[in-house]
Amino acid sequence: MADSTGFDIKGKVIWVTGSSRGIGAATARHLAAQGATVVVHGRSLDSLEPIAAELGGSAVAGDVRDDAAMTNAEEQIVKRHGRLDGVVANVGGAAFGAVADSDPAIVSKMLALNLDGAINVARAVHTSLREASGSLVFISATAATNPAPMFAAYGAAKAGVEHLTKSLAAEWGPEVRVNCVSPGLIKTEGSMKALFGGSTEALTKAGSAMALGRVGEPQDVAWVCHFLLSNAASYVTGAVVPVDGGPVEGVAQRVMRAMS
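As a starting point, this report considers the structure included with it. (Residues numbered from 1 in each chain as written. Predicted model: local features only at pLDDT ≥ 70, side-chain atom pairs only at ≥ 80, totals over all residues. Heavy atoms only, no water.)

Here the focus is the side chain of histidine 30. Inspection of the secondary structure puts histidine 30 in helix α1 (residues 22-33). Relative accessible area serves as the criterion here: at 3%, histidine 30 is assigned to the buried category. Excluding residues that lie within four positions of it along the chain, histidine 30 makes contacts with Gln219, Ala222, Trp223 and His226. (Helix = DSSP H or I, 4+ residues; strand = E, 2+ residues; numbered from the N terminus. Buried < 20%, exposed > 50% of the residue type's maximum accessible area, 1.4 Å probe, protein only. Contact = heavy atoms within 4.5 Å.)

This is the structure we're talking about:
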């Protein structure tokens, strides 16, 4: 049964990987505003200076593809704060291109960054989260369960993350809860540049493809992470929660539109 503190995360020590910008930065800011002690993360400390200063200066650096670097980062956090209560494993990235024509090194990079990185973070934090009866939240993408032409390697890697979520929930329960947030199209610095060319008109048109009539904001993802890290989600584990604004059509509607 969930205790009376509900959504309260005050005092929890939470590590957000890949938090120098985008969804990770928004999530770090949100959790800190709710009273958590947030540790930000990036490949280098230089990239973290602005947000680390904003949130109190707690930061660790390291490439998630490097297992030893993740173990070292976790050890730094526990040494600094005494424990680790929650983790948002946010690091990821996509490269555009058809698999048949792609550079094998690029495909390997997508798998390593999105899936190997998630496994490395999970392995590094398991003991601390078990001791704290904590929570691990992976960040996936709706490409994991939808056809993703030109982003197939990315989608395949994120599908692996969602399978990892369910498997670790079974392995690590009852001490540790493991869940996953699956964002759809979210307005970030990266998506504005890569997908919309900086055009707010294009952003608005894209939003019309969502049931809620808009493209998501990073804060939309942050709120769901907050829930999954809190005691309000004490009976939620192995879940994949879509944050995608909802579809406006199904298979039948797509077929009918194509026929017309």
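This part is about the packing of helix α3 (residues 67-81) against helix α4 (residues 104-132). Contact geometry of α3 with α4 gives a least axis separation of 8 Å together with a crossing angle of 30°. As for how α3 packs across α4, the hand of that crossing is right-handed. Of the residues in α4, those in contact with Asp67, Met70, Thr71, Glu74 and Val78 of α3 are Asn120, Val121, Arg123, Ala124, Val125 and Ser128. Looking at side-chain class alone, the contact of α3 with α4 contains five nonpolar, three polar and three charged residues. (Axes fitted to C-alpha atoms, helices over the stretch in contact; angles between N-to-C directions. Left-handed = near helix turned anticlockwise from the far one by under 90°. Nonpolar A, V, L, I, M, F, W, Y, C, P; charged D, E, K, R; others polar.)

Now for the sheet that holds strand β2 (residues 37-42). Spatially, β3-β2-β1-β4-β5-β6-β7 is the arrangement adopted by the seven strands of the open sheet, whose pairing is parallel. One side of each edge strand has no neighbouring strand; the edge strands of this open sheet are β3 (59-61) and β7 (240-243). Geometrically, the sheet is characterised by an average inter-axis angle of 20° between neighbouring strands, direction not taken into account. Two elements, strand β4 (residues 86-89) and strand β5 (residues 135-139), share four bridges in a ladder whose sense is parallel. Opposite valine 88, over in β5, you have valine 137 as the bridge partner. Against the sheet, α3 touches β1 (13-16), β2 and β3, its axis set at about 155° to β1. Docked against the sheet, helix α5 (residues 152-172) engages β5, β6 (177-183) and β7, running at close to 160° with respect to β6. (Pairing = 2+ DSSP bridges.)

Now for empty space enclosed by the protein. To locate leftover empty space, one rolls a probe as large as a water molecule over the atoms. Tallying each qualifying case throughout the model produces one cavity of 30 Å³ or more. Its volume calculated, the largest cavity comes out at about 40 Å³. Lining of the largest cavity is provided by Thr17, Val64, Ala89, Asn90, Val91, Leu113, Gly117, Ala118 and Val121. For the lining of the largest cavity, the leading source of residues is α4, giving four residues. Classifying every residue of the lining of the largest cavity by side-chain character gives six nonpolar, three polar and no charged. (1 Å grid on protein atoms, 1.4 Å probe; cavity = no way out; pocket = protein on both sides within 12 Å on 5 of 7 lines; lining within 4 Å. Points joined across faces, edges and corners; volume = space filled by probe spheres on them.)

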